[in-house]
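Residues per chain, in single letters:
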Amino acid sequence: VQLQAYGGGSVQAGGSLRLSCVASGRIFSANVMGWYRQAPGNQRELVAAMPRGGVATYADSVKGRFTISRDNAKNTVYLQVNSLKPEDTAVYYCHMKYLGVSYDYWGQGTQVTVSS
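Residue numbers restart at each chain and count upward from 1, following the sequence in its written direction. pLDDT decides what is reported in this predicted model: residues at 70 or higher carry local features, side-chain atom pairs at 80 or more are listed and counted, and totals for whole chains, interfaces and linings draw on all residues regardless. To obtain the side-chain values, all non-hydrogen atoms of the structure were used and water was disregarded.

A few words on the pairing of strand β11 (residues 110-115). Residues T110, V112 and V114 line the buried face of β11, whereas the alternating positions Q111, T113 and S115 sit on a face that is not buried. Two strands pair when backbone bridges link them, and strand β2 (residues 9-12) and β11 are joined in this way by four bridges, in the parallel orientation. Note on β11: the bridge partner recorded for G9 is V112. Where strand β9 (residues 90-98) and β11 come together, three bridges link them in antiparallel fashion. Any residue under 20% of the maximum accessible area for its type is buried, any over 50% is exposed, and the rest in between are partly exposed; the area is computed with a 1.4 Å probe on protein chains only. A run of DSSP states H or I qualifies as a helix once it reaches four residues; a run of E qualifies as a strand once it reaches two. Both are numbered from the N-terminal end. Note on pairing: DSSP must find at least two bridges between two strands before they are called paired.

Below is the structure:
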């Protein structure tokens, strides 16, 4: 499985971006796709995740501002990020795992920079 992320960039506070991540390879249906982020000096943290056909989970810090969605036919997960704040600045990583399997797939990361 390979994950390719797109859509990072530099925006001013209050701006929006849409991140995309395409999974390729042999994809099984029982999976969870999502996004993590890591700011300099910080640990990688969950931003949002969504099981195939399930309910999304969000970090408290992004609730109401970020929206995760999936297009299962395209093996793609999206993250719409609105009302961006400088503290959202980080490298955003696409993530996928299969239910019941303790192995994580990671994309290459895409930089999001928010200036005040």
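Below, the discussion takes up the sheet that holds strand β3 (residues 17-24). Strand order in the open sheet made by the four strands is β1-β3-β8-β7, with antiparallel pairing throughout. This sheet does not close on itself; its edge strands, each paired only once, are β1 (2-6) and β7 (66-71). Ignoring strand direction, the axes of neighbouring strands in this sheet form an average angle of 15 degrees. As paired elements, β3 and strand β8 (residues 76-81) share six bridges and run antiparallel to each other. The residue bridging C21 from the neighbouring strand is V77, located in β8. Working convention: axes come from line fits to C-alpha atoms, limited for helices to the stretch in contact. Angles between N-to-C directions cover 0 to 180 degrees.

Next up on the list: the side chain of D88. Within the secondary structure, D88 sits in the loop between β8 and β9. Separated by 2.8 Å, the side chain of D88 and the backbone nitrogen of K85 make a polar contact. Contact partners of D88, with chain neighbours within four places excluded, come to R37, R65, F66, S83, V112 and V114. A 3.5 Å cut-off defines polar contacts: any pair of N or O atoms within that distance qualifies, except that in protein one atom must be a possible hydrogen donor and the other a possible acceptor, and neighbouring residues in sequence count only when both atoms are side-chain atoms. The criterion used for residue contact is that any of the two residues' heavy atoms lie within 4.5 Å.

By definition, a salt bridge exists where a carboxyl oxygen of Asp or Glu is found within 4 Å of a side-chain nitrogen of Lys or Arg. Per the counting criterion, the structure on display carries four salt bridges. Residue R37 is joined to E45 by a salt bridge in which the shortest nitrogen-to-oxygen separation is 2.7 Å. Look at E45 and you get partly exposed, because its relative accessible area is 36%. Between R65 and D88 there is a salt bridge, with its nearest N and O atoms 2.7 Å apart. With a gap of 23 residues between them, R65 in the loop between β6 (57-58) and β7 and D88 in the loop between β8 and β9 connect regions that are remote in the sequence. With respect to class, R65 is no different from D88; both count as buried. A cluster of three or more residues bridged by salt bridges with shared partners is formed by R37, E45, R65 and D88.

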